[in-house]
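# Structural features, examined
Listed below, chain by chain, are the residues.
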Amino acid sequence: MNAKPRGRFITFEGIDGAGKSTQIALLADALRARGREVLRTREPGGTELGEKLRGLLLGMDMHPDTEAMLMFAARREHLAAVIDPALAAGVWVLSDRFSDATHAYQVGGRGLAAARCDALEAWVHPGFAPDLTFLLDMPLESATARLAAAGAAPDRFERERRGFFARVRAAYLDRARREPARFRVLDATREPETIAAEIAAGIDEKTWQ
Ligand code: TYD
């Protein structure tokens, strides 16, 4: 008898306020309607330890190296306890951010040396990457307006200045250009339903789905 096919690992990235949560929820519903078993998770977080690290990362000032190492420490736990077992059991995992976020925020935003981020990535998940990554791209002004409209108190990252987010956005777009087969860059200023249809199409065009 054949073992159950491995699940798929799909990640969502973008600057704060780009609308990832809405799209993850819509895709989870669409996949479940097609009979897929789906797990929604997030980074930093996704495990009990990871959520504690998230509290520190979003709340306390720290050295950029510490920040990068804690992001990858949380990720190591997330992979071991949640992502790997789910994929092995045939579950599709939808994650609100993964390692591309460390390249965008810590390398692009904070100026951490790219080689350090690459080294941490090679330690924590050598040879492993998402099957597909949706980058919800939008101008900083639109993202800031959405965050303000949501009204929640800004965390340590959301309090960063404009230049920080400009660098984060540029780093994401640069990564997407380097790995066109894995990334789909979506104009996130449009209606949620339009974006959701493009995300569904992005999945349908993959031969593995
Ligand atoms: P986010 O998904 O935006 O949480 P929320 O929608 O609840 O605000 O993620 C929290 C923050 O963590 C976000 O500002 C980006 C930052 N982050 C990094 O700087 N590096 C990383 O590797 C990850 C995963 C997140």
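The structure we're discussing is the one just above.
Fair warning: this is a prediction, and the values are worked out from it, not measured in the lab. (Residues numbered from 1 in each chain as written. Predicted model: local features only at pLDDT ≥ 70, side-chain atom pairs only at ≥ 80, totals over all residues. Heavy atoms only, no water.)

Looking now at the site of the ligand. Near the ligand you find 17 residues, and of these Asp16, Arg54, Arg97, Thr102 and Gln106 are the closest. A distance of 3.1 Å separates an oxygen atom of the ligand from a polar atom in the side chain of lysine 20. One of the side-chain N or O atoms of glutamine 106 is found 2.8 Å from a nitrogen atom in the ligand. Alone, the ligand offers 550 Å² of accessible surface; in the complex the protein occludes 87% of this. With respect to the pocket detection grid, the ligand is positioned in the largest pocket. Mapped onto the shell around the ligand, the elements with two or more residues apiece are helix H2 (48-59), helix H3 (64-88) and helix H4 (99-109). The element that contributes the greatest number of residues to the shell around the ligand is H4, accounting for four residues. Considering only residue class, the shell around the ligand consists of six nonpolar, two polar and nine charged. (Near = heavy atom within 4 Å. Polar contact = N/O pair within 3.5 Å; in protein donor to acceptor, adjacent residues only side chain to side chain. Areas by Shrake-Rupley, 256 points an atom, 1.4 Å probe, with all protein chains shown as cover. 1 Å grid on protein atoms, 1.4 Å probe; cavity = no way out; pocket = protein on both sides within 12 Å on 5 of 7 lines; lining within 4 Å. Sits in = over half its atoms within 2 Å of the grid points. Helix = DSSP H or I, 4+ residues; strand = E, 2+ residues; numbered from the N terminus. Nonpolar A, V, L, I, M, F, W, Y, C, P; charged D, E, K, R; others polar.)

Turning to the nonpolar core, a few remarks are in order. By size, the foremost hydrophobic cluster in this structure holds 37 residues, and its most contacted members are Ile10, Leu27, Leu94, Tyr105 and Phe134. Those residues in contact with isoleucine 10 that lie beyond four places of it in its chain are Leu27, Trp92, Val93, Leu94, Ser95, Leu132, Phe134 and Ile203. Phe72, Val107, Leu112 and Phe128 belong to the second-largest nonpolar core, a separate cluster that totals 16 residues. (Core = buried A, V, L, I, M, F, W, Y, C linked by side-chain atoms within 4.5 Å. Buried < 20%, exposed > 50% of the residue type's maximum accessible area, 1.4 Å probe, protein only. Contact = heavy atoms within 4.5 Å.)

Attention now goes to the sheet that holds strand S3 (residues 92-96). With respect to topology, five strands assemble into an open sheet ordered S2-S3-S1-S4-S5, the strand pairing being parallel. Strand pairing shows two members of the sheet lacking a second neighbour, strand S2 (38-42) and strand S5 (183-187), which therefore form its edges. When the angles between neighbouring strand axes are averaged without regard to direction, this sheet yields 20 degrees. Relative to strand S4 (residues 132-137), strand S1 (residues 9-13) is paired through four bridges, and the arrangement is parallel. Of the residues in S4, the one forming a bridge with isoleucine 10 is leucine 132. Contacts from helix H7 (residues 162-178) reach S1, S4 and S5, with the element oriented near 145 degrees to S4. (Pairing = 2+ DSSP bridges. Axes fitted to C-alpha atoms, helices over the stretch in contact; angles between N-to-C directions.)

Okay, empty space enclosed by the protein next. On inspection of all chains with the given rule, the structure shows two cavities of 30 Å³ or more. Roughly 40 Å³ of internal volume is contained in the largest cavity. Lining the largest cavity are Gly14, Ile15, Leu135, Leu136, Asp137, Met138, Arg169, Tyr172 and Leu173. Elements with a contribution of two residues or more to the lining of the largest cavity: S4 and H7. Residue composition of the lining of the largest cavity, by class: six nonpolar, one polar and two charged. Put simply, the second largest cavity is a space of about 30 Å³. Leu27, Ala30, Leu31, Arg34, Ala200 and Ile203 are the residues that line the second largest cavity. (Points joined across faces, edges and corners; volume = space filled by probe spheres on them.)

On to unusual backbone geometry. Residue glutamate 43 is joined to proline 44 through a cis peptide bond whose omega torsion reads -10 degrees. Inspection of the secondary structure assignment puts proline 44 in the loop between S2 and H2. Of note, arginine 97 is a non-glycine position whose phi angle comes to about 80 degrees, a positive value. Structurally, arginine 97 is set in the loop between S3 and H4.

Right, let's get into the layout of surface pockets. Each pocket or cavity is described by its volume, and for the largest pocket that value is around 460 Å³. Around the largest pocket sit 23 residues that line it, and Asp16, Lys20, Arg54, Asp96 and Arg97 are the ones nearest its centre. Those elements giving two or more residues to the lining of the largest pocket turn out to be helix H1 (20-33), H2, H3 and H4. For the lining of the largest pocket, the leading source of residues is H4, giving four residues. When its residues are assigned to classes, the lining of the largest pocket shows eight nonpolar, five polar and ten charged. By volume, the second largest pocket is sized at about 220 Å³. Along the walls of the second largest pocket sit Gly17, Gly19, Arg146, Leu147, Ala148, Ala150, Ala152, Ala153, Pro154, Asp155 and Glu158, which together make up its complete lining. Tallied by class, the residues present in the lining of the second largest pocket amount to six nonpolar, two polar and three charged.

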